[in-house]
Each structure stands twice: as C-alpha cells, then as structure tokens.
Amino acid sequence: MDSLTSLIDGFGTALTPINLLWAAIGVLLGTAIGVLPGIGPAMAVALLLPVTYGLEPTGAFIMFAGIYYGAMFGGSTTSILLNTPGESAAVVAAIEGNPMAKSGRGAQALAAAAIGHFAGGMIGTTLLVVLAPTVAALAVDIGAPDYLALMVLAFIAVTSVLGSSRIRGLASLLIGLTIGLVGLDQMTGQQRLTFGSLQLADGIDVVIVAVGLFAIGEALWVAAHLRRAPGEAIPVGRPWLGRDDVKRTWKSWLRGPAIGFPFGAIPAGGAEIPTFLSYVTEKRLSKHKEQFGKGAIEGVAGPESAASASAAGTLVSMLTLGLPTTAVAAVMLAAFQQYGIQPGPLLFEREPELVWGLIASLFVGMVLLLALNLPLAPVWAKLLRIPRPYLYAGILFFAAVGAYAVGGEALDLVVLLVIGLIGLGMRRYGLPVLPAVIGVILGPAAEQQLRRALQISDGSLTGLVNTPFSVTVYAVVLVLLAWPLVRKAARRTDRTTV
Amino acid sequence: MTTVKSVLRGRSELGVGALLFLLGVLVLTDALTLDADVAGRGPVGPGTVPLVVGCGLLVVAVLLTVDVLRGGRGEAEGGEDVDLAEPADWRTVLLLAGVFLAFAVLIGPLGFPIAGALLFWGAAYALGSRHLHRDPLIAAVLSLLTYAVFDQLLGVPLPGGPLMGVI
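Residues numbered from 1 in each chain as written. Chains lettered and ligands numbered in written order. Predicted model: local features only at pLDDT ≥ 70, side-chain atom pairs only at ≥ 80, totals over all residues. Heavy atoms only, no water.

*Asks:* What am I meant to see in the nonpolar core here?
*Replies:* For soluble globular proteins, the rule of thumb is that nonpolar side chains tend to be buried together. Membership of the largest hydrophobic core comes to 186 residues, with the highest contact counts inside it found for Phe 214, Leu 319, Ile 359 and Leu 413 of chain A together with Leu 20 of chain B. The element that contributes the greatest number of residues to this core is helix α9 (residues 206–224) of chain A, accounting for 16 residues. Mapped onto the domain boundaries, this core takes at least three residues apiece from domain 1 (2–69) and domain 2 (90–166) of chain B. Non-local contacts of Ile 359 of chain A, meaning those with residues more than four positions away in its chain, are made with Leu 7, Thr 125, Leu 128, Val 129 and Phe 348 of chain A. The next biggest cluster of nonpolar side chains, apart from the first, holds 24 residues, and it includes Ala 113, Ile 297, Trp 380 and Ala 381 of chain A. (Core = buried A, V, L, I, M, F, W, Y, C linked by side-chain atoms within 4.5 Å. Buried < 20%, exposed > 50% of the residue type's maximum accessible area, 1.4 Å probe, protein only. Helix = DSSP H or I, 4+ residues; strand = E, 2+ residues; numbered from the N terminus. Domains from an automatic or database assignment. Contact = heavy atoms within 4.5 Å.)

As structure tokens, then:
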C-alpha cells in the first residue's frame with residue numbers, strides 16, 4: 001500500500017498546472033517529432049533534450065515522459081500511413097496498418113494503434129507501480145560485483161541479441177567504451193585519451209554522443225542516399241472504430257502488455273521482439289486469419305499495445321537498477337546524469353517526489369495522448385509531406401542547438417560532427433548504433449564498480465563472483481554467449497544424422 | 001598484383017577493421033604511457049580498463065577482417081528516406097559537414113541567429129532545395145524563433161551576437 005500513497009502524492013506533483021502544461025507540451029512535441037519520417041523515438045528524445053535544460057528536474061522528466069510516449073505513437077502513425085518504418089519496433093505496425101490505410105481503413109488503423117498504445121501504456125505503467133518499489137527494495141542490498149555483472153549482461157545482451165553480426169555489435173560497443181574513457185579518470189585524476197586538451201579532460205558529454213550518433217549520423221547517412229521521390233503518405237480522416245472493430249480488438253489490446261512488459265524490462269532490445277511475438281500470437285488466435293497481410297486490425301492493435309507496455313517495462317530496469325535496455329532509455333539515463341541524479345535502487349528513497357511525479361505523469365501523458373491524438377491525426381498526417389531538404393536541414397539545426405546548449409562551447413560542435421561522421425560510417429558498414437551508446441553511458445560506471453569490487457577483495461578476482469546474484473547473472477551471460485555455438489552444433493548433428 | 005587488387009575490390013569494409021586496429025593501438029599506447037606513480041592506488045589503476053578495451057579493439061579488428069575476407073558483409077542500414085539502390089552521394093555529405101563546421105566557427109563572431117540561419121539555409125541547399133526566396137526566409141524565421149524560445153522562454157542561453165546588439 002506504500003506505493004499507492006506514494007503514487008497519490010505523485011499525482012499531486014503531476015497535476016499541478018505547470019507540470020500538466022509540461023506534460024502536454026511533451027506529448028505534442030514528441031508526437032510531432034516522432035511523426036516526421038526518418039525520426040525514431042531515440043532521435044526525437046535526443047533532439048528534444050535541450051528543451052528541458054532550463055527546467056527543474058521534476059518538470060523536465062514529466063515533459064520527457066510525454067515526449068517518449070508521444071514519439072512512439074508518432075512513429076506508428078508514420079508506418080501506417082507511409083509504409084516505411086523508421087525504426088524496427090514500428091515495422092510490425094506497417095505490416096497490417098498500411099494495407100488497412102490503402103484500402104480506406106486508415107482511420108480505424110490509427111484508432112486501433114492509439115487505443116492500443118493507451119491500453120498497453122496503462123497496464124504497463126500499473127505493473128511498473130506494483131513492481132518497481134519491490135525491485136528497488138531487493139536491489140538496495142546488491143553490491144559492486146552485482147552491479148558489474150548486470151552491466152556486463154547489458155553489454156553482452158545488446159551486442160548479441162540485436163543485429164545480424166555479433167562482431168559488428170562488439171566493435172560498436174568497444175567504440176562506445178573508448179569514447180567513455182576520454183577524460184580524467186574518476187579515481188586518480190589521470191588524463192586518459194585527452195591528448196593534452198583541456199576541453200577533452202572533462203570527458204565527452206553523453207548528450208553530445210547520443211545526438212551525434214542518432215541525429216547527425218542519421219541525417220548524413222540519409223543525405224548520402226536520399227530517395228529522390230519520397231513515398232506518398234495516405235491522407236486520413238479522424239480516427240474512429242466501429243463496434244465490430246472493437247469486438248475484434250479488445251482482447252488484442254489486453255494481450256499485448258503480457259508480451260511487451262517482460263521483454264521491455266530485460267536487456268533484449270526493447271520493443272522489437274515483443275511486437276513481433278505479439279503479431280504472431282494475434283495471427284494464431286485470430287478468427288480472421290485470411291485477412292492477415294491484407295489489413296487485419298488485430299495485427300495493429302496487439303503489437304502497438306505490446307510496444308507501449310514494453311516502454312513501461314524499460315522504465316522498471318532504468319529507474320530501479322540504472323540499467324538502460326533501449327536507445328530511448330539510454331538517452332533518458334543521460335538526461336538523469338545531466339541533473340546529477342543517479343537512477344538506481346536508492347532513487348526511490350532519495351527522490352520520491354521526482355520518481356512518483358514521473359510515474360504519475362506517465363498516466364497523465366497517456367490520457368493526454370489519447371485525447372489529443374485522435375482529433376489531431378489528420379494534422380499529424382500532413383507533417384509527413386514536409387520537403388525532405390527542410391526535414392534533414394532541421395535535424396542538423398536542432399542537433400547543433402542541443403550540442404551547443406550543453407556547455408556553450410564551439411568545440412563541442414566539432415566533437416559532435418566527428419561523432420556524427422562515426423555514426424555515418426557505422427550505418428554504412430552495418431555496425432549497430434545502440435551498443436556504442438550503451439558503452440558510453442555504462443562504461444565509466446562499470447569501470448567504477450569493477451575497481452570498487454576489486455578494492456574490497458584486495459585485488460583477488462574472486463571478488464567479482466562472490467555473491468549468488470553475480471554468479472547467476474554471469475551464468476545468463478554465458479548462455480547468451482554460447483547460444484549460437486549450441487545452435488550451430490545442433491545443426492551439425494542434424495546434418496550428420498540425416 | 002592483380003590478385004591483391006581483386007581481393008580488395010568492393011571490400012572497403014576492410015578499412016573499418018584497419019581503423020579499429022589503429023584505435024586499439026592508440027588506446028593501448030595511451031594506457032601504457034599513464035603516470036605510473038599515481039597509478040598505484042588500489043589494485044586496479046587507471047590503466048587497467050583501457051588495456052582491456054584496447055586489446056578488445058585489436059581482437060575485434062582481426063575478427064572483423066577475417067569475417068570480411070570470408071565474404072561477410074555489414075548490412076547498410078535502411079530507412080524511410082534511404083534509397084540503397086542509388087550509389088552513395090558523398091558530395092552532399094561533404095557539403096553538409098562543411099556547412100556544419102562553418103556554423104561552429106561562425107557562432108562565436110556572428111551569434112546564434114545569423115549563424116543558425118546560415119546553417120539551415122546551407123544544409124537545405126546542400127540537400128537539393130533551390131527556392132531562392134523561400135529557403136532563406138524559413139531559415140531566418142526558424143533561427144530567430146529558436147533563439148527567442150530557448151533564450152527567453154526556456155532559459156537556455158545562446159549567444160545573440162551583433163544582430164541582437166542592434167535590436
């Protein structure tokens with residue numbers, strides 16, 4: 001019951017007029033930016049970071065929550081109306097959503113997606129309220145070796161679950177870890193990889209890395225391959241659902257979170273896997289199997305609900321363990337660090353007003369999202385027609401504003417461009433971007449935990465594996481590492497028996 | 001020599017392996033030249049993790065090179081506005097990078113409103129927009145509006161430059 005009273009206090013914070021205003025601005029900005037083609041949630045959140053610099057933390061994070069959910073919803077609008085999803089989690093929305101829009105049922109597809117987001121978000125956030133304090137309470141006792149194990153798990157999971165090539169994922173992670181090394185060593189004050197430069201001694205700001213890799217890298221990559229004739233967006237009216245549609249979809253909305261939430265909480269790449277699993281489940285359970293691939297509404301409703309719930313699941317591990325499992329969570333963690341706040345088990349004790357205000361505003365944001373997006377959908381659809389030169393020039397412009405706002409240094413802009421060029425090269429050669437961002441954010445923290453653990457054990461390596469928790473986590477890491485080998489061996493034995 | 005050439009053709013990805021290797025060497029050199037006196041605090045000094053990362057980079061560089069020579073390819077990333085069928089247009093990328101560097105140089109002397117407008121206009125031009133009147137107008141309005149919103153409303157200071165001194 002403790003969390004219930006805290007939540008009510010949280011609503012007290014979230015429902016003050018000024019915070020309500022920040023939430024509304026966040027939802028509107030998030031949707032507007034997320035709808036723009038080529039901008040996924042991670043880039044939207046990274047680009048909008050500087051907007052919150054002048055705010056106090058509570059207001060900033062309330063706005064942030066709105067941006068997050070708004071950007072996710074905006075992304076699915078793009079895939080339904082344009083059929084060219086910008087990020088992997090929205091791929092599934094396009095499979096059924098776009099055929100629906102083509103056959104004149106775009107309004108229903110958008111409504112199914114919007115209500116799916118609402119339902120998934122509501123259920124997911126409720127689970128967050130129930131679970132997060134418990135997880136945080138359990139995690140209070142875990143020490144340096146356990147944290148290190150969790151971070152190693154995040155590193156390995158992010159490089160081997162995502163993407164087609166582990167070597168390339170690992171290369172990306174190591175690039176990120178290297179960027180994270182730049183600056184003064186936290187414990188001894190030694191300069192590492194600074195080459196005598198005073199500006200580099202402060203380290204490279206995580207926000208600049210995130211904006212550089214996500215925004216500049218993407219804009220430059222698109223510029224190199226700009227489609228001369230961009231896809232035509234399908235015009236759409238105000239979203240609505242008939243009684244038959246509701247009858248077909250309400251179960252899908254409720255099933256989505258069961259798949260989405262647990263996947264969001266573990267480091268398995270966020271919404272990509274659960275949306276796909278939800279799609280397959282809906283297809284199997286549907287009474288209208290023949291419609292799948294041609295515009296089955298369940299195939300929009302379920303995955304969208306799963307995606308939204310997985311976003312809530314992501315917040316569980318982000319807030320209670322300080323462990324980002326998706327690109328958006330990584331950027332949010334960077335935002336917390338900007339305010340000098342370290343997410344982790346103690347966050348719920350130290351900053352109850354902030355955390356519960358944030359959680360309450362997730363509920364508020366969801367309601368705002370539904371209330372604003374159903375009537376505004378035709379306006380959002382118009383944003384899809386923005387001329388591409390303006391869109392990508394705008395991305396570069398706001399990325400520059402964001403990087404400059406961090407410290408008011410022109411040199412930061414040069415660093416931003418260099419990291420952007422790295423991002424461009426990574427996209428060209430199929431190196432996933434997310435491991436690099438995770439490496440930059442978690443690298444320094446992991447080093448600190450490693451040194452702390454070894455200090456306690458006086459340098460003996462057994463100090464890294466002397467708790468049941470860390471041993472369990474390393475076992476999971478080993479399974480992840482060994483999995484492809486096992487599969488290869490299994491295939492080989494298959495072949496020999498045939 | 002022809003065999004070497006034919007092996008190298010279409011394998012610009014080998015350059016990625018080479019760059020990773022160089023980065024690894026750089027990290028290792030930096031780690032090994034750290035001041036040893038200060039490094040003595042605690043069992044793990046400031047050089048340990050860089051050593052691990054540097055060695056990791058070398059190993060990955062070698063593995064990646066082997067993968068590429070065996071025919072492995074990094075898949076170029078797709079997207080809404082990305083047309084991979086067309087050959088890459090590196091001229092645009094260079095132009096954009098140039099415009100961005102110019103912005104970094106000009107923001108000090110010219111201030112944000114002017115430098116920002118030039119950034120947007122230049123980038124839009126590089127990306128193929130050729131509206132002589134509309135482009136600069138949008139750039140100027142966007143830049144002034146952004147300056148006003150960030151500097152006045154959101155409390156994020158941006159340099160006004162000589163233009164704001166006049167107004």
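The rest of the description comes next.
*Asks:* Explanation requested: the UniProt feature "transmembrane region" (unreviewed entry) in chain B in the structure shown.
*Replies:* Here the UniProt feature "transmembrane region" (unreviewed entry) sits at residues 47–66, 93–124 and 136–154 of chain B. A helix fraction of 95% and a strand fraction of 0% characterise residues 136–154 of chain B, whose end C-alpha atoms lie 25 Å from each other. (UniProt positions renumbered as here; feature names shortened; annotations may be inferred.)

*Asks:* I tried to follow the interface of chain A and chain B on my own but got confused; where do I start?
*Replies:* Where interface size is given, it is often the accessible area lost as the parts come together that is meant. Listed per partner, the contact involves 74 residues of chain A and 75 residues of chain B. Summed over both sides, the interface between chain A and chain B buries roughly 6,400 Å², with carbon and sulfur atoms accounting for 72% of that surface. Of all residues in chain A, His 225, Tyr 390 and Phe 397 of chain A give up the largest surface area on contact with chain B, accounting jointly for 12% of the area buried on that side. Our enumeration of links across chain A and chain B arrives at two salt bridges. Notably, a salt bridge pairs Glu 13 of chain B with Arg 168 of chain A, separated by 2.9 Å at the nearest N-O pair. Applying the counting criterion to the chain A and chain B interface returns eight residue pairs in polar contact (both at pLDDT 80 or more). Where the side of chain A that touches chain B is concerned, the elements lending two or more residues are α7 (166–181), β2 (191–192), α9, α16 (388–407), α17 (410–428) and α18 (434–456) of chain A. Among the elements that take part in the side of chain A that touches chain B, α16 of chain A stands out by supplying 14 residues, more than any other. (Buried area = accessible area lost by both parts, 1.4 Å probe. Salt bridge = Lys/Arg side-chain N within 4 Å of Asp/Glu carboxyl O. Polar contact = N/O pair within 3.5 Å; in protein donor to acceptor, adjacent residues only side chain to side chain.)

*Asks:* Where do I start with empty space enclosed by the protein in this structure?
*Replies:* Rolled over the atoms, a probe with the dimensions of a water molecule shows which regions are left empty. Residues and elements named next belong to chain A. Within this structure, the stated rule accounts for three cavities of 30 Å³ or more. Reported here for the largest cavity is a volume of approximately 50 Å³. Lining the largest cavity are Phe 73, Ala 114, His 117, Phe 118, Met 366, Leu 369, Leu 370 and Asn 373. Sorting the residues of the lining of the largest cavity by element identifies α5 (91–139) and α15 (352–383) as the ones contributing at least two each. A per-class count over the lining of the largest cavity returns six nonpolar, two polar and no charged. (1 Å grid on protein atoms, 1.4 Å probe; cavity = no way out; pocket = protein on both sides within 12 Å on 5 of 7 lines; lining within 4 Å. Points joined across faces, edges and corners; volume = space filled by probe spheres on them. Nonpolar A, V, L, I, M, F, W, Y, C, P; charged D, E, K, R; others polar.)

*Asks:* It is not clear to me how the pattern of salt bridges should be interpreted in this structure. Could you clarify?
*Replies:* Oppositely charged side chains can pair when the atoms bearing their charge come close. Residue and element names in this part refer to chain A. By the definition in use, this model includes nine salt bridges over all chains. Across the salt bridge formed by Asp 185 and Arg 192, the nearest N and O atoms sit 3.7 Å from each other. One exposure class covers both Asp 185 and Arg 192, and it is buried. In this structure, the salt-bridge partner of Asp 185 is Arg 451, at a minimum N-O distance of 2.8 Å. Within this pair, whereas Asp 185 is found in the loop between β1 (183–184) and β2, its partner Arg 451 is found in helix α18, the two being separated by 266 residues in sequence. One connected set of salt bridges, linked through shared partners, spans Asp 185, Arg 192, Glu 447 and Arg 451.

*Asks:* In this structure, what is going on with the environment of Asp 141 of chain A? I would like to understand it.
*Replies:* When you line up the elements, Asp 141 of chain A lands in the loop between α5 and α6 (144–160). Given a relative accessible area of 68%, Asp 141 of chain A falls into the exposed group.

*Asks:* Explain helix α2 (residues 14–32) of chain B to me, please; I cannot follow it from the model alone.
*Replies:* One turn of an α-helix holds 3.6 residues; hence residues three or four places apart share an orientation. In this model α2 of chain B runs 27 Å from its N-terminal to its C-terminal C-alpha over 19 residues, within 8% of the 27 Å that 1.5 Å per residue would give. All of the buried residues in α2 of chain B are Leu 14, Val 16, Gly 17, Leu 20, Gly 24, Val 27, Leu 28, Asp 30 and Ala 31 of chain B. (Expected span 1.5 Å × (residues − 1).)

*Asks:* In this structure, what is going on with the side chain of Ser 361 of chain A? I would like to understand it.
*Replies:* Examined against the element boundaries, Ser 361 of chain A turns out to sit in helix α15. Residues contacting Ser 361 of chain A, with those up to four places away along its chain left out, are Ala 14, Ile 62 and Ala 65 of chain A.

*Asks:* I keep staring at the environment of Lys 287 of chain A and nothing clicks. Help me out?
*Replies:* Residue position: Lys 287 of chain A is located in the loop between α11 (272–285) and α12 (298–321). On a C-alpha basis, the gap between Lys 287 of chain A and Phe 263 of chain A in space is 26 Å, while along the polypeptide they are 24 residues apart.

*Asks:* In this structure, what is going on with the packing of aromatic side chains? I would like to understand it.
*Replies:* Each aromatic ring pair is specified by the distance between its two centres and by the angle formed by the two planes. In total, this model carries 13 aromatic pairs over all chains according to the counting rule given. Taking 3.9 Å as the distance between ring centres and 20° as the angle between the ring planes, the aromatic pair formed by Phe 61 of chain A and Phe 336 of chain A counts as stacked. Of this pair, Phe 61 of chain A sits in helix α4 (residues 57–82) while Phe 336 of chain A sits in helix α13 (residues 327–338), placing them 275 residues apart in sequence. No difference in accessibility class separates Phe 61 of chain A from Phe 336 of chain A, as the two residues are buried. Between the aromatic rings of Phe 348 of chain A and Trp 356 of chain A, the centroid separation amounts to 5.9 Å while the plane-to-plane angle is 75°, which identifies the pairing as edge-to-face. Judged by its relative accessible area of 12%, Phe 348 of chain A is buried. Look at Trp 356 of chain A and you get buried, because its relative accessible area is 6%. In this arrangement the basic side chain of Arg 130 of chain B is found over the ring face of Tyr 125 of chain B, its NZ or CZ atom lying 3.8 Å from the centre. (Phe/Tyr/Trp six-rings, centres within 6.5 Å; stacked < 30°, edge-to-face > 60°. Lys NZ or Arg CZ within 6 Å of the ring centre and 35° of its normal.)

*Asks:* I tried to follow the packing of α16 of chain A against helix α6 (residues 134–153) of chain B on my own but got confused; where do I start?
*Replies:* Helix-helix packing is described using two parameters, namely the angle between the two axes and the distance between the axes. The geometry of α16 of chain A relative to α6 of chain B is characterised by a closest axis approach of 12 Å and an angle of 30° between their N-to-C directions. What the angle tells us is that α16 of chain A and α6 of chain B run roughly parallel. Here α16 of chain A runs over α6 of chain B; the crossing is right-handed. Between α16 of chain A and α6 of chain B, the residues in contact are Tyr 390, Phe 397, Phe 398 and Val 401 of chain A and Arg 134, Asp 135, Ile 138, Leu 142, Ser 143, Thr 146 and Phe 150 of chain B, respectively. Of the residues in the contact of α16 of chain A with α6 of chain B, the class split is seven nonpolar, two polar and two charged. (Axes fitted to C-alpha atoms, helices over the stretch in contact; angles between N-to-C directions. Parallel < 35°, antiparallel > 145°, perpendicular 65-115°, else oblique. Left-handed = near helix turned anticlockwise from the far one by under 90°.)

*Asks:* Is there a simple way to think about the side chain of Arg 388 of chain A in this case?
*Replies:* Residues and elements named next belong to chain A. Along the chain, Arg 388 turns up in helix α16. With relative accessibility at 6%, the residue Arg 388 sits in the buried group. Looking at Arg 388, its side chain comes within polar contact range of the main-chain oxygen of Ile 386, at 2.7 Å.

*Asks:* Please clarify how a nonpolar patch on the surface should be interpreted in this entry.
*Replies:* A surface patch of nonpolar side chains, about 340 Å² in accessible area, is lined by Leu 411, Val 414, Val 418 and Ile 422 of chain A together with Leu 101 of chain B. Here the element with the most residues in the nonpolar patch is α17 of chain A; it accounts for four residues. (Patch = residues over 30% accessible without salt bridge, like charges linked within 9 Å, V, L, I, M, F, W, Y side chains within 5 Å. Areas by Shrake-Rupley, 256 points an atom, 1.4 Å probe, with all protein chains shown as cover.)

*Asks:* Help me out: how do you make sense of unusual backbone geometry in this one?
*Replies:* Notably, Leu 193 of chain A is not glycine yet its phi reads approximately 55°, a positive angle. Positionally, Leu 193 of chain A belongs in the loop between β2 and α8 (198–201).

*Asks:* Looking at this model, I keep getting lost on the packing of α13 of chain A against α18 of chain A. Mind explaining?
*Replies:* Residue and element names in this part refer to chain A. At a minimum axis separation of 10 Å, α13 and α18 run at an interaxial angle of 25°. In terms of orientation, α13 and α18 fall into the roughly parallel class. Seen from above, α13 lies across α18 with left-handed handedness. For the pair α13 and α18, the contacting residues are Ala 327, Ala 330, Leu 333, Ala 334 and Gln 337 in the first and Leu 434, Val 437, Ile 438, Ile 441 and Leu 442 in the second. Partitioned by chemical class, the residues of the contact of α13 with α18 number nine nonpolar, one polar and no charged.

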